Amino acid sequence: MRKYEMVVILDPSVDERTVTGTFEKLVQVIPTEGGTIDNVDVWGKRKFAYEIDKKTEGIYIVLSFTAKASTAQELDRQLGLNESVMRTKVMRLDDK
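Given the structure is predicted, the values throughout are model-derived calculations rather than measurements.

A. Representation of unusual backbone geometry. Although it is not a glycine, Asp 53 sits at a positive phi angle of roughly 55 degrees. Within the secondary structure, Asp 53 sits in the loop between strand S2 (36-52) and strand S3 (55-67).

If you want it as structure tokens, here you go:
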């Protein structure tokens, strides 16, 4: 198992009060496959440096988790299929 950090940008039309509950449903693949969700940090709406899909802002979420490499790939794939997710970035953290 390795430690990962993922940044997810959600569509700004998603209601900010329900972001945490909605996002936890999206990341259920992690505990299902034996991983753990270490931390979920919702940054809220932020302006973009440039437009993405003709939008100027999005809701940022930073997720720290421990899982197998195949689980991280599956999570990234599933989030890519969701219409409310604009961008994702998965980073493997060093073991140090």
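B. Seen up close, the packing of aromatic side chains. In total, this model carries three aromatic pairs according to the counting rule given. On the numbers, 5.4 Å between centres and 20 degrees between planes, the contact of Tyr 4 with Phe 65 is stacked. Separated by 61 residues along the polypeptide, Tyr 4 in strand S1 (residues 2-10) and Phe 65 in strand S3 bring together distant segments of the chain. On the basis of relative accessibility, which here comes to 7%, the residue Tyr 4 falls in the buried class. Ring pairs connect the aromatic residues Trp 43, Phe 48 and Tyr 60, which therefore count as one cluster.

What counts as what
Residues numbered from 1 in each chain as written. Predicted model: local features only at pLDDT ≥ 70, side-chain atom pairs only at ≥ 80, totals over all residues. Heavy atoms only, no water. Helix = DSSP H or I, 4+ residues; strand = E, 2+ residues; numbered from the N terminus. Phe/Tyr/Trp six-rings, centres within 6.5 Å; stacked < 30°, edge-to-face > 60°. Buried < 20%, exposed > 50% of the residue type's maximum accessible area, 1.4 Å probe, protein only.

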